Amino acid sequence: DMVAAAQHIMVIYYGSNTVFVQTNFAGTIIAPNAEVVIGQVGKEFYGAIYAKRIIVHQETKVTWVPFVKVQASAVAMNNNNFIKINYTIDFPWR
């Protein structure tokens, strides 16, 4: 499900080189210093883009889907001991 995936995937790019998305994609892209170019004929983008400049190629389907903050868990291992870490993904610009 592309909509569900788009709600929970975020890519943050702080560089200034152009970012090309040339396949179907689900997620939020944040590239405040770069140009983001999405799509080729017949490609689909689900999510959101926040960038210095955005270019969408012809016949690319764009469906806006907001990122959803989630409660998540991670597992870390140190000296054969497992530690469960609970965290919330929160972004200050929301």
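1. Section: the pairing of strand β4 (residues 44–56)
In the case of a regular strand, side chains alternate between the two sheet surfaces. Bridging between strand β3 (residues 25–38) and β4 involves eleven bridges; their strand directions are parallel. Opposite Thr 28, over in β4, you have Ala 48 as the bridge partner.

2. Looking at the pairing of β3
For β3, the buried fraction is high: twelve of the 14 residues fall into the buried class. In this structure, strand β1 (residues 10–12) lies alongside β3, joined through three bridges in parallel fashion. Following the sheet pairing, Met 10 is matched in β3 by Thr 28.

3. Some words on the nonpolar core
Taken as a class, soluble globular proteins show a tendency for nonpolar side chains to be buried jointly. With ten residues, the main nonpolar core is built from Val 19, Val 21, Phe 25, Ile 29, Ala 31, Ala 34, Val 36, Ile 38, Phe 45 and Ile 49. Every element with two or more residues in this core is listed here: β2 (19–21), β3 and β4. For this core, the element with the most residues is β3, which contributes six residues. Leaving out residues up to four positions away in the same chain, Ala 34 has contacts with Tyr 13, Gly 15, Ser 16, Asn 17, Val 19, Ala 51, Lys 52 and Arg 53.

4. Observations concerning unusual backbone geometry
Backbone phi values are negative for most residues with the exception of glycine, while trans is the configuration of most peptide bonds. Phi is positive for Glu 59, close to 60°, though the residue is something other than glycine. Structurally, the position occupied by Glu 59 is in the loop between β4 and β5 (61–64).

5. Description of the pattern of salt bridges
One pass over the full model with this rule turns up one salt bridge. For Glu 35, the salt bridge is made with Arg 53, and the minimal N-O distance between the two is 2.8 Å. Taken as a pair, Glu 35 in strand β3 and Arg 53 in strand β4 lie far apart in primary sequence, 18 residues in all.

6. Focus on the environment of Tyr 14
Secondary-structure assignment places Tyr 14 in the loop between β1 and β2. Residue Tyr 14 is classed as exposed on the basis of its relative accessible area of 62%. In this structure, the C-alpha to C-alpha distance between Tyr 14 and Ala 34, residues 20 residues apart in sequence, is 7.7 Å. Apart from residues no more than four positions distant in its own chain, Tyr 14 is found in contact with Pro 32 and Asn 33.

7. Regarding the environment of Thr 28
On the secondary structure map, Thr 28 appears in strand β3. Expressed as a C-alpha distance, the spacing of Thr 28 and Gln 7, which sit 21 residues apart in the sequence, is 7.8 Å. For Thr 28, the residues in contact, after removing those within four places along its chain, are Ala 6, Ile 9, Met 10, Val 11, Ala 48, Tyr 50, Val 65 and Phe 67.

8. Structural notes on the environment of Phe 20
The residue Phe 20 is located in strand β2 in this model. Residues Phe 20 and Val 36, spaced 16 residues apart in sequence, show a C-alpha to C-alpha distance of 6.0 Å.

Scoring rules and cut-offs
- Residues numbered from 1 in each chain as written.
- Predicted model: local features only at pLDDT ≥ 70, side-chain atom pairs only at ≥ 80, totals over all residues.
- Heavy atoms only, no water.
- Pairing = 2+ DSSP bridges.
- Helix = DSSP H or I, 4+ residues; strand = E, 2+ residues; numbered from the N terminus.
- Buried < 20%, exposed > 50% of the residue type's maximum accessible area, 1.4 Å probe, protein only.
- Core = buried A, V, L, I, M, F, W, Y, C linked by side-chain atoms within 4.5 Å.
- Contact = heavy atoms within 4.5 Å.
- Salt bridge = Lys/Arg side-chain N within 4 Å of Asp/Glu carboxyl O.

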